[in-house]
Amino acid sequence: MAPQIRRIVILGGGTAGWMTAAAISHVLAPRKVSITLIESDEIGTVGVGEATLPHIRFFNQRIGLDEPELMRATQATMKLGIQFCDWARKGDSYIHPFGDYGQPAGGVDFLQIWARLRAAGLASRICDYSLPVVMAEAGRFGFPGTDMASVMSTFSYAYQFDAGLYARYLRRVSEGRGVLRVEGKVTSVRQNPETGHVETLSLGKGREIEGDLFIDCSGFRALLIDGAMGSGFEYWSRWLPCDRAIAIPTESAGPLMPYTRATARTSGWQWRIPLQHRVGNGHVYSSAFLDDQSAEDELLRHLDAPALRQPNRLRFRPGQRRRQWVGNVVAVGLSSGFLEPLESTSIHLIQQGITTLLELFPDGPLDARDITEFNRVMSLEYDRVRDFLILHYHATERDDSDFWNYVRTMDVPGSLEEKLTLFRERGIVMKYRDGLFLFPSWIAVYVGQRVIPQHWDPRADALPLEQVAETLSALKRHIADVVHSLDTHEEALKRYCPAEVIA
Ligand code: FAD
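Residues numbered from 1 in each chain as written. Predicted model: local features only at pLDDT ≥ 70, side-chain atom pairs only at ≥ 80, totals over all residues. Heavy atoms only, no water.

Participant: Teacher, can you tell me more about the domain arrangement of the protein here?
Facilitator: Much of the literature gives interface size as the accessible area that the parts lose upon coming together. Domain assignment breaks the protein into domain 1 (7-50 + 162-236 + 318-384) and domain 2 (244-315). Just the C-alpha atoms count here: the centres of domain 1 and domain 2 sit 29 Å apart. Across the contact, eight residues belong to domain 1 and 13 residues belong to domain 2. Roughly 850 Å² is buried in total at the junction of domain 1 and domain 2, and carbon and sulfur atoms are behind 63% of that figure. For the domain 1 face of the interface with domain 2, the top three residues by lost area are Val48, Glu50 and Asp162, together amounting to 52%. The interface formed by domain 1 and domain 2 contains three residue pairs in polar contact (both at pLDDT 80 or more). (Domains from an automatic or database assignment. Contact = heavy atoms within 4.5 Å. Buried area = accessible area lost by both parts, 1.4 Å probe. Polar contact = N/O pair within 3.5 Å; in protein donor to acceptor, adjacent residues only side chain to side chain.)

Participant: Would you take a moment to explain the sheet that holds strand 11 (residues 208-210) for this structure?
Facilitator: Sheets are built from strands that pair by backbone hydrogen bonding, the pairs being arranged parallel or antiparallel. A sheet is described by the order of its strands in space; here three strands give the open sequence 9-10-11, paired in antiparallel fashion. Two strands lie at the open edges of the sheet, namely strand 9 (188-191) and strand 11, each paired on one side alone. Taking each pair of neighbouring strands and ignoring which way they run, the sheet shows an average axis angle of 25°. (Pairing = 2+ DSSP bridges. Helix = DSSP H or I, 4+ residues; strand = E, 2+ residues; numbered from the N terminus. Axes fitted to C-alpha atoms, helices over the stretch in contact; angles between N-to-C directions.)

Participant: What's the story with the pattern of salt bridges in this structure? I'm lost.
Facilitator: When their charged atoms lie close together, side chains carrying opposite charge are able to pair. Under the definition given, this model contains 32 salt bridges. Residue Glu50 pairs with Arg278 through a salt bridge whose shortest N-O separation is 2.8 Å. Of this pair, Glu50 sits in the loop between strand 2 (34-39) and helix 2 (55-62) while Arg278 sits in the loop between strand 16 (268-274) and strand 17 (279-285), and the two are 228 residues apart along the sequence. Each member of the pair, Glu50 as well as Arg278, is classed as buried. Put simply, Lys476 and Asp128 hold a salt bridge, and the shortest N to O gap is 3.7 Å. In this pair, Lys476 sits in helix 15 (residues 465-484) while Asp128 sits in the loop between helix 4 (110-119) and helix 5 (131-138), placing the two residues 348 residues apart along the sequence. By relative accessible area, Lys476 is classed as partly exposed at 33%. Ionic contacts of the salt-bridge type, sharing partners, join the residues Glu39, Asp41, Arg181 and Glu183 into one network. (Salt bridge = Lys/Arg side-chain N within 4 Å of Asp/Glu carboxyl O. Buried < 20%, exposed > 50% of the residue type's maximum accessible area, 1.4 Å probe, protein only.)

Participant: What is the right way to look at the nonpolar core in this model?
Facilitator: Inside soluble globular proteins, nonpolar side chains tend to come together where they are buried. By size, the foremost hydrophobic cluster in this structure holds 138 residues, and its most contacted members are Ile8, Trp87, Leu131 and Tyr393. With 10 residues, the single largest contributor to this core is helix 10 (residues 368-394). Viewed by domain, this core spans two of them, domain 1 (7-50 + 162-236 + 318-384) and domain 2 (244-315), each represented by three or more residues. Apart from the residues within four sequence positions on either side, Tyr393 is in contact with Trp87, Leu240, Cys242, Trp269, Glu340, Leu342, Phe403, Trp404, Val407 and Arg408. Judged by nonpolar contacts, the second largest core, of 18 residues, contains Val186, Leu201, Ile225 and Val326. (Core = buried A, V, L, I, M, F, W, Y, C linked by side-chain atoms within 4.5 Å.)

Participant: Please clarify how the site of the ligand should be interpreted in this entry.
Facilitator: The full set close to the ligand counts 35 residues, and Gly13, Val48, Ala51, Val186 and Ile347 are the nearest of them. Interatomic distance of 3.2 Å between a side-chain N/O atom of Thr15 and an oxygen atom of the ligand. For the ligand, an oxygen atom lies 3.2 Å from a polar atom in the backbone of Gly44. Relative to its unbound accessible area of 1000 Å², the ligand is 97% covered by the protein chains. Looking at the shell around the ligand, the elements with two or more residues in it are helix 1 (15-27) and helix 9 (346-359). Among the elements that line the shell around the ligand, the one with the most residues is helix 9, at three residues. Here the shell around the ligand spans two domains, and each of domain 1 (7-50 + 162-236 + 318-384) and domain 2 (244-315) adds at least three residues to it. (Near = heavy atom within 4 Å. Areas by Shrake-Rupley, 256 points an atom, 1.4 Å probe, with all protein chains shown as cover.)

Participant: Can you walk me through the packing of helix 5 against helix 15 in this structure?
Facilitator: When two helices pack together, their arrangement is given by the angle between the helix axes and the distance between those axes. The geometry of helix 5 relative to helix 15 is characterised by a closest axis approach of 10 Å and an angle of 45° between their N-to-C directions. Looking at the two axes, helix 5 sits oblique to helix 15. In terms of crossing hand, the pair formed by helix 5 and helix 15 is right-handed. Side by side, helix 5 and helix 15 meet where Leu131, Val134, Met135 and Ala138 of the first sit next to Ile479, Val482 and Val483 of the second. Residue composition of the contact of helix 5 with helix 15, grouped by class: seven nonpolar, no polar and no charged. (Parallel < 35°, antiparallel > 145°, perpendicular 65-115°, else oblique. Left-handed = near helix turned anticlockwise from the far one by under 90°. Nonpolar A, V, L, I, M, F, W, Y, C, P; charged D, E, K, R; others polar.)

Participant: Honestly, the sheet that holds strand 17 in this entry has me stumped. Any pointers?
Facilitator: Strand order in the open sheet formed by seven strands is 5-4-15-16-17-14-18, and the pairing between neighbours is mixed. Edge strands, defined here as strands with exactly one partner in the open sheet, are strand 5 (93-97) and strand 18 (312-315). Going from strand to strand, the sheet's axes swing by 20° on average, the running direction of each strand aside. Alignment of strand 16 against strand 17, held across seven bridges, turns out to be antiparallel. Of the residues in strand 17, the one forming a bridge with Arg272 is Asn281.

Participant: In this structure, what is going on with helix 9? I would like to understand it.
Facilitator: Because each turn of an α-helix spans 3.6 residues, side chains separated by three or four positions in sequence point in the same direction. The end-to-end C-alpha separation of helix 9 is 20 Å, in line with the 20 Å expected for 14 residues at 1.5 Å each. Burial analysis of helix 9 places 12 of its 14 residues in the buried class, the great majority of the element. Among all positions of helix 9, only Ile347, His348, Leu349, Ile350, Gln351, Gln352, Gly353, Ile354, Thr355, Thr356, Leu357 and Leu358 are buried. (Expected span 1.5 Å × (residues − 1).)

Structure (structure tokens):
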């Protein structure tokens, strides 16, 4: 009979490894499991990853972290959403906010009312009815409130931070909670000849680490989940052709934006993420349409401040592991798969992997049903993020490069085709229980990408037109007034979490 899980071994000390160590050491402390994390300074980490989603705040809270201290330590800024420039057409711009649009009336969703008023020429941009969009555009910030009657309760926020500093912070927390860190490079893996389960990781010179459960956070190398367990990989490059990135930090320039910017380029897109001490920039592109040097030139041409380092070139494969938990190995982080950072989903998927593992954590020996459930949940998460990302590329009118012609005309997964049709024809956003991006996120990207509902809920026609139009105008004025009364983003940071100034 398989043993109880008493010894957990985490391979890798990037963001995934230390998030896992911090969470497990906090949650499983009463079970008295030992946690060992192995990392190799010689190999290092991927060294990118700066934009997050609001869920990270709840993860941090749950594992007992102090927000202002964490933000100071990671040079963090506030993030209210992502601005997409030049995606549907050159010159277009919209923000996907972390928050709602408008309010329902007479039991009819706001989107349906807006679609009807828009057709009658009585509504302005949908963004004007979203507090986080107006706040982001004004460069202001206030914390969300809990009074459901207030417009300040209609949004959430995330961070833009240095993920390397986040991992360092979590390492300190984890070691304080008894996690044992081992420095060294795993050179071989011993598996049980009968079950195939991993038993020991060898670090050379006779150093061996034994465990009952192994969490593979070894990044793109996927040393255990793929190298040892042969989990296989599902490639999604036919829908997400970007497979390269170049990252480069620059000095801070201009006001500190409380949002991330993603600007479409000829064969991909460029990110701009302002932190307190610098700005993160990068170009994500498809090697099938653009060579590395041209991609680097395009990125450097569009920087708005002097670079602080040499460009860092990265390669990746879009897709997911066929199984993210095999035997006694669970993949978390880049070892489990990768979807480009367009919607800042990677750290969230790490978090999702950890929380799902903890929810299903075996009380006794490993149970095949837990493993199946873990793989089902994680695969669903990946599928839904994938569809959401594809939408940004596919729903475009751009025809100015081979890349845009390809993504605009490609076949998309049936699950996305169905969603697009429902929205385009009737403004229906498919509702589902699991999945990261909910109603307002889909609306933001559909409308931002110029997918406008042609018809709406007939109940919207029954509402008094003039009266509803006036309610919307009043909401727009109210949001503008509230935003005007808030601190600038810089003031809010100075007051709440000023980071050390790095010369
Ligand atoms: P890594 O950082 O690669 O860490 C792997 C660890 O494994 C290292 O400690 C390494 O030393 C160790 N290791 C490997 N092999 C061995 C061995 N043999 N022996 C011992 N140790 C070993 N995510 C976001 O959420 N937001 C973003 O804005 C974002 N931007 C990104 C941009 C790009 C271009 C890329 C590629 C990724 C981005 N990500 C982003 C993803 C994010 O960087 C990763 O999800 C995150 O850093 C987690 O990485 P990791 O810990 O899985 O892997």
